[in-house]
Amino acid sequence: MRKLRLALHKGEELRFLSHLDYASAIERMIRRSGIKMAYSEGFNPHMKISFSSALALGITASAEYCDMDVLEEGSLEELMSRLSQSAPKGLEVLDGRFMPDKVKKMMAICNYAVYEVTGPAVERANWEQLLEPFNSANEVLYEKVTPKKTRMIDVKHFIKEPLVATVDGDMVTIRMAIGVYPEGTMKPGDMWKLGKEQYGWPITDSYSIHREAILIETDGACITPLEVE
């Protein structure tokens, strides 16, 4: 058995798949490819697949990652080619690598996510000036509401880089680098809402989210899940 780690592009065609549906799409891709997989034991065996993180409904991604326990001896190039030929529209196999047997699960080590949130700007503005109060603040408090509880958090604890905006016509895209910690994270949609309500960003409640990268920050540097030793 070998652990194959794949980098996958999730495009617009799959934007409105839930994480469970996305996982099912990958399982169907594997079945169509004919690649032999390892299965769990028990009454309801399932393919041994794990993911870097769960993407929320409505989010696309430049590169998502999954681990597959495969039972074949084919080359990396052969397996990736078979998967690519079986992939549905909107799912692209970008890269891959066979990982060491004892490699840590990605859910445990991926702690740095980069998002691009795009929506209408209701007026022309100097976005560098608009973002400066947030970027220069030492603390930004936000009431985070979850189904289980409501609590006040310091948003700056999760923001890893200064926010940056780019404008294209009447649309603005804000780049957000967000830490993912055991105690939680900051959703990019909540950041968009915070900017509108607390900092007066001239935006509407409408937006789309694209995850540009999911990374591992260690010793002050970021690497991709494919670069883990």
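Within each chain, residues carry numbers counting from 1 in the order of the written sequence. Note on the predicted model: pLDDT of at least 70 is required for a residue's local features to be given, and 80 or more for side-chain atom pairs to be given and counted; whole-chain, interface and lining totals, by contrast, use all residues. Where side-chain values are given, they derive from all heavy atoms of the structure, hydrogens and water being excluded.

Caption draft 1: Main features of helix 1 (residues 19-33). The secondary structure listing takes helices from DSSP runs of H or I that are at least 4 residues long and strands from runs of E that are at least 2 residues long, numbered from the N terminus. Working rule for helices: expected span equals 1.5 Å times residues minus one. Relative to the 21 Å expected for 15 residues at 1.5 Å per residue, helix 1 spans 21 Å between its end C-alpha atoms, a close match to the ideal helical length. Think of it in three bands: residues with accessible area under 20% of the maximum for their type are buried, residues over 50% are exposed, and the middle band is partly exposed, with areas taken using a 1.4 Å probe on protein chains only. Taken together, the buried positions of helix 1 are occupied by Y22, A23, A25, I26, M29, I30 and S33. All buried residues of helix 1 project into a common sector of 155° when viewed along the axis, lining one side. Along its buried surface, helix 1 packs onto strand 1 (2-10), strand 2 (49-51), strand 3 (59-70), helix 2 (76-86) and strand 4 (91-99). Two residues or fewer past helix 1, G34 is found with a positive phi of approximately 80°. As used here, the arc is the angular range of directions from the helix axis to the C-beta atoms. Should any heavy atoms of two residues lie within 4.5 Å, those residues are considered in contact.

Caption draft 2: View of the packing of aromatic side chains. Between the rings of Phe, Tyr and Trp (Trp by its six-membered ring), a pair exists once the centres lie within 6.5 Å; its type follows the angle of the planes, with under 30 degrees stacked, over 60 edge-to-face, and the other angles tilted. Under the defined criterion, the tally for this structure stands at 5 aromatic pairs. With a centroid separation of 6.1 Å and an interplanar angle of 70°, the aromatic rings of W127 and W201 are classed as edge-to-face. Remark: W201 occurs in the loop between helix 5 (188-198) and strand 10 (208-218) and W127 occurs in helix 4 (residues 127-136); sequence separation between them is 74 residues. Pair check on accessibility: W127 and W201 agree, each one buried. Seen in terms of ring centroids, F134 and Y199 are 5.8 Å apart; in terms of plane orientation they differ by 80°. Their pairing is edge-to-face. You can see F134 sitting in helix 4 and its partner Y199 sitting in the loop between helix 5 and strand 10, a full 65 residues away along the chain.

Caption draft 3: Molecular detail of the pattern of salt bridges. One speaks of a salt bridge when a side-chain nitrogen belonging to Lys or Arg is within 4 Å of a carboxyl oxygen belonging to Asp or Glu. Scanning the entire structure with this criterion turns up 11 salt bridges. Between K3 and D69 there is a salt bridge, with the nearest N and O atoms lying 2.9 Å from each other. One end of the pair, K3, is in strand 1; the other, D69, is in strand 3, and 66 residues separate them in sequence. With its nearest N and O atoms 3.8 Å apart, the salt bridge here joins E27 to R31. Remark: R31 and E27 occur in helix 1; sequence separation between them is 4 residues, near one turn of the helix. On the accessibility criterion, R31 (48% relative accessible area) is partly exposed. Ionic contacts of the salt-bridge type, sharing partners, join the residues E72, E78 and R82 into one network.

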